[in-house]
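Each chain, written out:
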Amino acid sequence: MEETLLPELSPEARTAQDRLPPTAPEGYRIDLPLAAARLAAAIAAPQWSGLFVAVDYGKSWRELAEETPAGTVRAYSRHRQNNALLAQPGEQDLTCHVCWDWIGEALTAHGFDPPIIESQEAFFVNHATPVLSRLTAAEAGRFSSRKLAVMQLLHPGNMGRKFQVLWARRPIDIAYPPPVCRRTPPRIPG
């Protein structure tokens, strides 16, 4: 497997062309996580009221475009990170950061309040303190798998700072029909 440079931007990348930096050094790479914004728009398009929550690795567009000139794409094989993206096709996972700005724009375009972004640790501590307190009290003095899982989610050295939570509300409006429970995710347009 090898990397191929295209003579021009793909149609999908052209949709973000006006946001790209006007100049870039040789070898500059950028992640264009456009599918996440399309998915957010597809979820937000139907008229429903409530809370949208997304949890992932994320950065602002400025951070993606200006502060990570090598991109944020990384490969994981057997729980180890590497930068050899094309080394093991089909045998390693590839991941990159989502662009919180684009997801937020998709939500506000569909009537959501401006989104808030918090570290996963802050989100749980700020919004789930009663649940965390009950869990801590119920399992005081023992070290259970449930308690370990919560510690991994909250601890800043584990997932607490690495993952972020974007959340936004769309005000309740009685003109909206109630939300429909789906067994399959909505189709991403495009």
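Structure: above.
Residues numbered from 1 in each chain as written. Predicted model: local features only at pLDDT ≥ 70, side-chain atom pairs only at ≥ 80, totals over all residues. Heavy atoms only, no water.

Colleague: Any chance you could explain the packing of aromatic side chains here in plain terms?
Modeller: The description of an aromatic ring pair rests on the distance of the ring centres and on the angle between the ring planes. Using the criterion set out here, one finds 5 aromatic pairs in the structure. On the numbers, 5.8 Å between centres and 70 degrees between planes, the contact of Phe123 with Phe124 is edge-to-face. Residue Phe124 is classed as partly exposed on the basis of its relative accessible area, which comes to 27%. Taken together, the ring pairs connect Trp48, Phe52 and Phe112 into an aromatic cluster. Just above the ring of Tyr57 sits the side chain of Arg74; from NZ or CZ to the centre is 4.7 Å. (Phe/Tyr/Trp six-rings, centres within 6.5 Å; stacked < 30°, edge-to-face > 60°. Buried < 20%, exposed > 50% of the residue type's maximum accessible area, 1.4 Å probe, protein only. Lys NZ or Arg CZ within 6 Å of the ring centre and 35° of its normal.)

Colleague: Whenever I open this one, unusual backbone geometry confuses me. Can you help?
Modeller: The phi angle of most residues is negative, glycine excepted, and most peptide bonds adopt the trans form. Positioned with a positive phi, Arg78 is a non-glycine residue whose angle comes to about 50 degrees. Secondary-structure assignment places Arg78 in the loop between strand S3 (74–77) and strand S4 (80–82). Taking relative accessible area as the criterion, Arg78 reaches 77% and is therefore assigned exposed. The phi angle at His79 is positive, at roughly 65 degrees, despite the residue not being glycine. Topologically, His79 is positioned in the loop between S3 and S4. (Helix = DSSP H or I, 4+ residues; strand = E, 2+ residues; numbered from the N terminus.)

None of this, on its own, says anything about what the molecule does.
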